[in-house]
Amino acid sequence: MKKEATIKSLIGLTQEETAMLLGITRIHWTMFNTGRRDIPQAASERLVVVVNYLKKNGMVSGIGAKQEAAEKEQMHDWLKEEYKTVAYKLHYLERKIQTSLHIRKECYAALAIADYLKKQDDNEFLQHLSQSISKRACTALNKHSLKRLTQLELKKETLEMLKFKMEAKLKV
């Protein structure tokens, strides 16, 4: 089995393909790999020629090099598109974070006004208004909680790291 893994990794062919290349049956090739049988001299010589060709010319032939170049180009194009998507998501998250911070600031100001109105004992309308303002501000603060803000900031940091890694790959 060790011979098969080594030979397969060298030539990259299946058992069937290797046997056909060497002019023997797949069963004969399997028996050779398990050490139960030798391969004919002609098959052995053909195998040596193929392995020497790969050693001399390298593992990547012209066709393989073209395939790899095409794959690299596809990967590069995909990476550029993903980079644009990440940049858009970062912009979107930054806007959401800024909006949440702005709303939180407004809510704290509204709560301060509600507290001021609550201290105005003589006016029932102002008491009711104070409660209404407090309720609305607290609801908005719950929607734009520190937990939610932290989640958005963590997502932003993750996307920034991803963007940085993508930039490095695009420069290569």
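Look above for the structure.
Here the structure is a predicted model, which means the values were calculated and not measured. (Residues numbered from 1 in each chain as written. Predicted model: local features only at pLDDT ≥ 70, side-chain atom pairs only at ≥ 80, totals over all residues. Heavy atoms only, no water.)

## Examining the overall build of the chain
Line of reasoning, step 1. Broken down by element type, the chain carries seven helices and zero strands.
Line of reasoning, step 2. For the chain, the N- to C-terminal ordering of α and β elements is α-α-α-α-α-α-α.
Line of reasoning, step 3. C-alpha extents for the chain along the principal axes are approximately 110 × 35 × 15 Å.
Line of reasoning, step 4. Counting over 172 residues, the chain shows a buried share of 22%.
Line of reasoning, step 5. In the chain, of all internal contacts separated by at least 6 residues, the share reaching a separation of at least 24 is 60%.
Line of reasoning, step 6. Averaging the locations of the 31 positively and 21 negatively charged side chains of the chain gives two centres separated by 4 Å. (Helix = DSSP H or I, 4+ residues; strand = E, 2+ residues; numbered from the N terminus. Buried < 20%, exposed > 50% of the residue type's maximum accessible area, 1.4 Å probe, protein only. Contact = heavy atoms within 4.5 Å. Lys, Arg positive; Asp, Glu negative; His and termini not counted. Charge placed at Lys NZ, Arg CZ, Asp CG, Glu CD.)

## Focus on the side chain of His144
Line of reasoning, step 1. For His144, the position within the fold is in the loop between α6 (124–143) and α7 (146–171).
Line of reasoning, step 2. Given a relative accessible area of 14%, His144 falls into the buried group.
Line of reasoning, step 3. Apart from the residues lying within four places of it in its own chain, the contact partners of His144 are Ser100, Ile103 and Arg104.

## What about helix α4 (residues 41–57)?
Line of reasoning, step 1. Under the 1.5 Å per step criterion, the end-to-end length of α4 is 24 Å for 17 residues, consistent within 8% with the ideal 24 Å.
Line of reasoning, step 2. Regarding α4, the residues found buried are Ala43, Leu47, Val51 and Leu54. Taken down its axis, α4 places every buried residue within 70° of arc, on the same side. Facing away from the buried side of α4, by more than 90 degrees, are the exposed residues Gln41, Val49 and Lys56. (Expected span 1.5 Å × (residues − 1). Arc of directions from axis to C-beta.)

## Focus: the packing of aromatic side chains
Line of reasoning, step 1. One pass over the structure, following the stated rule, counts two aromatic pairs.
Line of reasoning, step 2. On the numbers, 5.3 Å between centres and 35° between planes, the contact of Trp29 with Phe32 is tilted. Here Trp29 and its partner Phe32 are both found in helix α3 (residues 26–33), three residues apart, which amounts to about one turn of the helix.
Line of reasoning, step 3. We classify Trp29 as buried; its relative accessible area is 2%.
Line of reasoning, step 4. Ring plane angle 15° and centroid distance 6.5 Å describe the contact between Tyr88 and Tyr92, whose orientation is recorded as stacked. (Phe/Tyr/Trp six-rings, centres within 6.5 Å; stacked < 30°, edge-to-face > 60°.)

## What about α6?
Along an α-helix, a turn takes 3.6 residues, which lines up residues three or four apart on a common side.
Line of reasoning, step 1. Along its 20 residues, α6 runs 29 Å from first to last C-alpha, staying within 8% of the 28 Å computed at 1.5 Å per residue.
Line of reasoning, step 2. Among all positions of α6, only Ser130, Ile133, Ala137, Ala140 and Leu141 are buried. The arc that holds every buried residue of α6, seen down its axis, measures 105°, which confines them to one face. For α6, the exposed residues lying more than 90 degrees away from the buried face are Glu124, His128, Gln131, Lys135, Asn142 and Lys143.

## What to know about the nonpolar core
Line of reasoning, step 1. Of all hydrophobic cores here, the largest spans twelve residues; its members are Ile7, Ile11, Ala19, Leu22, Ile24, Trp29, Phe32, Ile39, Ala43, Leu47, Val51 and Leu54.
Line of reasoning, step 2. The set of elements that each furnish at least two residues to this core consists of α1 (2–11), α2 (15–22), α3 and α4.
Line of reasoning, step 3. Residues within four places of Trp29 in sequence aside, it is in contact with Ile7, Gln15, Thr18, Ala19, Leu22, Ile24, Ile39 and Leu47.
Line of reasoning, step 4. In terms of nonpolar packing, the next biggest core, distinct from the first, is built from nine residues, Leu79, Leu93, Leu159 and Met166 among them. (Core = buried A, V, L, I, M, F, W, Y, C linked by side-chain atoms within 4.5 Å.)

## Quick word on the environment of Leu117
Line of reasoning, step 1. Within the secondary structure, Leu117 sits in helix α5 (residues 62–118).
Line of reasoning, step 2. Apart from the residues lying within four places of it in its own chain, the contact partners of Leu117 are Leu126, Gln127, Leu129, Ser130 and Ile133.

## Focus: the state of the cysteines
Line of reasoning, step 1. Considering all chains together, one arrives at zero disulfides under this definition.
Line of reasoning, step 2. As a non-bridged cysteine, Cys138 has Cys107 as the owner of its nearest cysteine sulfur, 8.3 Å distant. (Disulfide = S-S within 2.5 Å.)

## Some details on the side chain of Arg104
Line of reasoning, step 1. With respect to the secondary-structure elements, Arg104 resides in helix α5.
Line of reasoning, step 2. At 9.0 Å, Glu153 is the nearest oppositely charged side chain to Arg104, a buried residue that forms no salt bridge.
Line of reasoning, step 3. At 2.9 Å, the side chain of Arg104 and the backbone oxygen of His144 are in polar contact. (Salt bridge = Lys/Arg side-chain N within 4 Å of Asp/Glu carboxyl O. Polar contact = N/O pair within 3.5 Å; in protein donor to acceptor, adjacent residues only side chain to side chain.)

Shape descriptors only; they carry no functional weight alone.
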